[in-house]
Amino acid sequence: MTAKLIKGTEIRDQILVEIEADVKKIKDEHGVVPGLVTILVGESPASISYVTAKIKTAKGLGFNEIQDNQPDDISNEDLLALVDKYNKDDSINGILVQLPLPKHIDEKKILNAIDPDKDVDGFHPVNVGRLMIGGAEVKFPPCTPAGIQEMIIRAGVETSGAEVVVVGRSNIVGKPIANMMLQKADGANSTVTVIHTRTKDMAAHCKRADILIVAAGVPGLVKPEWIKPGACVIDVGVNRVGEKISEKTGKKIAILKGDVDFDEAKEIAGFITPVPGGVGPMTITMLMKNTLKSLKFKLGIA
Ligand code: NAP
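A brief look at the structure comes next. The model shown is predicted, which means the values in this text are computed figures rather than measured ones.

1. Considerations on the packing of aromatic side chains
Okay, so step 1: Summed over the entire model, instances satisfying the criterion amount to one aromatic pair.
Okay, so step 2: Between the aromatic rings of Phe140 and Phe297, the centroid separation amounts to 6.1 Å while the plane-to-plane angle is 80 degrees, which identifies the pairing as edge-to-face. Of this pair, Phe140 sits in the loop between α5 (125-133) and α6 (143-154) while Phe297 sits in helix α10 (residues 282-299), and the two are 157 residues apart along the sequence.
Okay, so step 3: With a relative accessible area of 1%, Phe140 lands in the buried category.

See below:
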């Protein structure tokens, strides 16, 4: 069997077209556009590159995008005051504080200071609680899990009654996607198992999975023989396993591998996401969707 590829790049492009059309409609009917502020502390090249990609996407969609760069030595108090300023700013629907923050900053305190109704990353305890309750309570599902669920739905994979096995229990991927897939809702209604480093027989659990979501950060962790024939395999892992020269730019780039051995797995699975080009492109897209949603909630049209 050769699996159907679920390409994050294609699904991303479809969703961005939908968001752009919505932004235009809201602008015409209500005279406003979504406002997103990205707060970047310091000059870490990785953070700059993430923030730049977010800003580029937001601007391309017609959002009002504010980039607020702060020095490395900003105090906790000043950063809290900045978050408070944007909490009170009516033109801002989403506040994004790029992580990691410098060591002297109380990261938890800063993130918890964001107004939950502007927490488009979905990491505030209030939004984690809303996600757990499910249904109409959910405002901002965290972006990577939201992207995973969207890929499964758009690929036409049946989730109702499906055995979903999630490898990994992090707060940003494993736990939220497990919680989302077990909700009594379209694109969910699954029977979910979460496995981790203390799990006794990983292979036995994975072999039962109709949908296998792997987010461990260990290249090649899931062996091809653990995959049920025809299963949907979502590989969230992004592991740098070396470097190569880009054919396009001539510059050194990282060689990325997922947590699943793609070449062998694709001969067994029914659906599979590649790495790169699978889940990766979905995260920023879902951030944009959450920011648009935030404006819609405010306008009462969500
Ligand atoms: P994390 O916080 O390090 O959590 C990894 C989880 O995997 C933990 O729960 C850990 O179990 C489990 N795990 C690790 N090694 C294992 C093993 N040998 N057997 C069984 N379970 C194991 O990682 P994360 O932030 O969730 O990220 C996971 C991967 O997804 C990384 O490669 C990351 O780069 C990638 N990622 C991609 C995106 C994207 O594409 N947009 C977004 C986020 C993350 P314990 O809890 O027992 O330690």
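2. Structural notes on the side chain of Ser190
Okay, so step 1: Note that Ser190 resides in the loop between α7 (174-181) and β6 (191-195).
Okay, so step 2: Here Ser190 falls in the buried class, since its relative accessible area comes to 8%.
Okay, so step 3: A polar atom in the side chain of Ser190 sits 2.8 Å from the backbone oxygen of Thr159.
Okay, so step 4: With near-sequence residues (within four places) excluded, Ser190 lies in contact with Thr159, Gly161, Ala162, Val164, Met181 and Leu182.

3. Things to note about the site of the ligand
Okay, so step 1: Near the ligand, the surroundings consist of 20 residues, among which Arg169, Ser170, Thr197, Val238 and Thr283 are the closest.
Okay, so step 2: Between an oxygen atom of the ligand and a side-chain N or O atom of Thr197, the distance comes to 2.4 Å.
Okay, so step 3: Interatomic distance of 2.7 Å between a side-chain N/O atom of Thr283 and a nitrogen atom of the ligand.
Okay, so step 4: Considering the ligand on its own, with 930 Å² of exposed area, one finds that the protein chains cover 69% of that surface.
Okay, so step 5: A per-class count over the shell around the ligand returns nine nonpolar, 10 polar and one charged.

4. Section: the nonpolar core
Okay, so step 1: Counting residues in each nonpolar core, the largest one holds 45 residues, and the members touching the most others are Ile19, Ile148, Ile213 and Ile234.
Okay, so step 2: In contact with Ile213, not counting residues within four places along its chain, are Ile148, Ile152, Val164, Val165, Val166, Val167, Ile177, Met181, Ile234 and Val236.
Okay, so step 3: Formed by 19 residues, the second largest nonpolar core is a distinct cluster that contains Ala3, Met202, Ala203 and Val214.

5. Describing a nonpolar patch on the surface
Okay, so step 1: A cluster of nonpolar side chains, contributed by Val32, Leu299 and Ile301, occupies part of the molecular surface with about 190 Å² of accessible area.
Okay, so step 2: Looking at where Val32 falls in the secondary structure, it is placed in the loop between α1 (8-30) and β2 (35-41).
Okay, so step 3: On the accessibility criterion, Val32 (31% relative accessible area) is partly exposed.

6. Let's talk about the pairing of β2
Residues in a regular strand project their side chains so that they alternate between the two faces of the sheet.
Okay, so step 1: Most of β2 is tucked away: seven of the seven residues are buried.
Okay, so step 2: Burial along β2 is two-sided: Gly35, Val37, Ile39 and Val41 facing one way and Leu36, Thr38 and Leu40 facing the other are all buried.
Okay, so step 3: Across seven bridges, the pairing between β2 and strand β3 (residues 64-70) is parallel. Of the residues in β3, the one forming a bridge with Leu40 is Asn69.
Okay, so step 4: The handedness of the β2 to β3 crossover, carried by helix α2 (residues 45-60), is right-handed.
Okay, so step 5: Where β2 and strand β4 (residues 94-97) come together, four bridges link them in parallel fashion. Bridging across to β4, Leu36 finds its partner in Gly94.

7. Observations regarding the pairing of strand β5 (residues 163-167)
Okay, so step 1: Burial analysis of β5 places four of its five residues in the buried class, the great majority of the element.
Okay, so step 2: The sheet contact formed by β5 and β6 spans five bridges and is parallel. What sits directly across from Val166, in β6, is Val194.
Okay, so step 3: Once you follow β5 into α7 and on to β6, the crossover reads as right-handed.
Okay, so step 4: Pairing between β5 and strand β7 (residues 211-214): four bridges, direction parallel. Note on β7: the bridge partner recorded for Val165 is Leu212.

Each value, and the rule that gives it
- Residues numbered from 1 in each chain as written.
- Predicted model: local features only at pLDDT ≥ 70, side-chain atom pairs only at ≥ 80, totals over all residues.
- Heavy atoms only, no water.
- Phe/Tyr/Trp six-rings, centres within 6.5 Å; stacked < 30°, edge-to-face > 60°.
- Helix = DSSP H or I, 4+ residues; strand = E, 2+ residues; numbered from the N terminus.
- Buried < 20%, exposed > 50% of the residue type's maximum accessible area, 1.4 Å probe, protein only.
- Polar contact = N/O pair within 3.5 Å; in protein donor to acceptor, adjacent residues only side chain to side chain.
- Contact = heavy atoms within 4.5 Å.
- Near = heavy atom within 4 Å.
- Areas by Shrake-Rupley, 256 points an atom, 1.4 Å probe, with all protein chains shown as cover.
- Nonpolar A, V, L, I, M, F, W, Y, C, P; charged D, E, K, R; others polar.
- Core = buried A, V, L, I, M, F, W, Y, C linked by side-chain atoms within 4.5 Å.
- Patch = residues over 30% accessible without salt bridge, like charges linked within 9 Å, V, L, I, M, F, W, Y side chains within 5 Å.
- Salt bridge = Lys/Arg side-chain N within 4 Å of Asp/Glu carboxyl O.
- Pairing = 2+ DSSP bridges.
- Right-handed = clockwise from strand over helix to strand, strands pointing away.

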